[in-house]
Structures are given as C-alpha cells and as structure tokens.
Amino acid sequence: NGHTIQVNVAAGSKLRIDSMPYDLLQFHFHRPSEEKIDGKPMAMVIHFVHKNAAGKLAVLGILLKEGNENPLIKTLWDNLPQAEGPEIRPEGVNFNPGKLLPREFDFYSYEGSLTTPPCTEGVTFYILKTTINVSNDQVNKFPFQRNARPVQPRNGREIVTNRLHSN
C-alpha cells in the first residue's frame, strides 16, 4: 500500500479477549518494531488488526528477532507485489496467518492509537513476549528500510501483562 506490506484476511479468524470475539481483518509489517522491550526495538513486528462487533480495535503484535529464516515469511516475500497498488491474490498460494503465532501467549498490553494515519485512538495493543525468527536476509528484503512510527510518550498509560487465547 506504499507504507507497508499488508495481507488482507478472509473472514473466520478470531481472537477472544475477555470472551468477546474480535475478527482478524488484516496483518502488516513494520521495520524495525514499533515497540521496544527494555528500550530496544526488534528487527520487525507483525501487527494483526482485529475488530469486534462494536467496532473496537485490538492489535496483536508479534515481535520478529533476527535468527533463522522463517519459512512463512519466505512464502509472503516470494509473492510480494512488484509495486504499490491494488490487492493481488497469487495463484496457488494458501497462507494460514495463525501459523505465525508463537506457542506462548504471555503479553504486554496498553491502550494506544493506530500507528498509521489517521492514527485512530482507543486501540488496545497486545504485544506477545515470545518472539519469532526472521533472517537478516528476510529483513533486508522487506521493501521499506524504515516504516515504524516512533515510540510515543506514555502520557500516564499503564502497560499491563497477562495471557490471552486465540482460535
């Protein structure tokens, strides 16, 4: 879309937060991560954007650290559009975004805003503590050198930790 690689998702994937279902709409990537742990960003982050029936947004963030090649990221990168433009649907490519999730679901949570215009407020972020690998080559193949919004001041926002469940 000119700002990131975004994968739109067919209906059916859900995240439950306090027994409330949130539908997965899309996921996209930032380089480096827009979140910092102990003051340091990871190589990248995947933001899974969810919405509930009342229109409330929740973003599940998966931090990507440099390590071994990630076969799922490879599938995505091998099928990237050549330029900004309308959505493409590569023939014969099936992709289950749930396979990108780590096994552990311990997380940090905070209230914030979307990180791209119009920067909608009232979004709950859930950033998983467990990271997944992405190779240095895969990071370098991401078509944006830097597309992360700078970390914003906390302005009194609390960061909490807990567990959540997906289905």
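Since the model is a prediction, treat every value here as computed from it, not as a measurement. (Residues numbered from 1 in each chain as written. Predicted model: local features only at pLDDT ≥ 70, side-chain atom pairs only at ≥ 80, totals over all residues. Heavy atoms only, no water.)

Below, the discussion takes up the overall build of the protein chain. If you tally the helices and strands in the protein chain, you get 2 helices and 12 strands. Listing each helix as α and each strand as β along the protein chain from the N terminus yields β-β-β-β-β-β-β-α-β-β-β-α-β-β. Expected size for 167 residues packed as a compact globule is a radius of gyration near 15 Å; at 15 Å, the protein chain falls within 12% of this value. On the principal axes, the C-alpha backbone points of the protein chain span a range of 40 × 35 × 35 Å. A total of 167 residues make up the protein chain; the buried ones form 39% of that total. Looking at the protein chain alone, contacts between residues at least 24 apart form 60% of all its contacts between residues at least 6 apart. Carbon and sulfur atoms make up 49% of the accessible area of the protein chain, which amounts to about 9,800 Å² in all. Averaging the locations of the 19 positively and 17 negatively charged side chains of the protein chain gives two centres separated by 2 Å. (Helix = DSSP H or I, 4+ residues; strand = E, 2+ residues; numbered from the N terminus. Rg over C-alpha atoms; globule rule 2.2 N^0.38 Å. Buried < 20%, exposed > 50% of the residue type's maximum accessible area, 1.4 Å probe, protein only. Contact = heavy atoms within 4.5 Å. Areas by Shrake-Rupley, 256 points an atom, 1.4 Å probe, with all protein chains shown as cover. Lys, Arg positive; Asp, Glu negative; His and termini not counted. Charge placed at Lys NZ, Arg CZ, Asp CG, Glu CD.)

The amide bond that connects R31 to the next residue, P32, takes the cis arrangement and shows omega of -10 degrees. In this model, D18 sits at a positive phi of 50 degrees, which is unusual for a non-glycine residue. A positive phi angle, near 70 degrees, is found at S19, a position not held by glycine. Turning to its location among the elements, S19 is positioned in the loop between strand 2 (14–17) and strand 3 (20–30).

As a further point, take the packing of aromatic side chains. The tally for this structure, following the rule as stated, stands at 9 aromatic pairs. For the pair F29 and W77, a centre-to-centre distance of 5.0 Å together with 70 degrees between the ring planes defines the contact as edge-to-face. Taken together, the positions of F29 in strand 3 and W77 in helix 1 (residues 71–78) put the pair 48 residues apart, joining distant regions of the chain. For W77, a relative accessible area of 9% puts it in the buried group. Aromatic rings pair up to connect F27, F29, F48, W77, F95, F142 and F144 into one cluster. In this structure, K129 is placed above the aromatic ring of Y108, and the distance from its NZ or CZ to the ring centre is 4.9 Å. (Phe/Tyr/Trp six-rings, centres within 6.5 Å; stacked < 30°, edge-to-face > 60°. Lys NZ or Arg CZ within 6 Å of the ring centre and 35° of its normal.)

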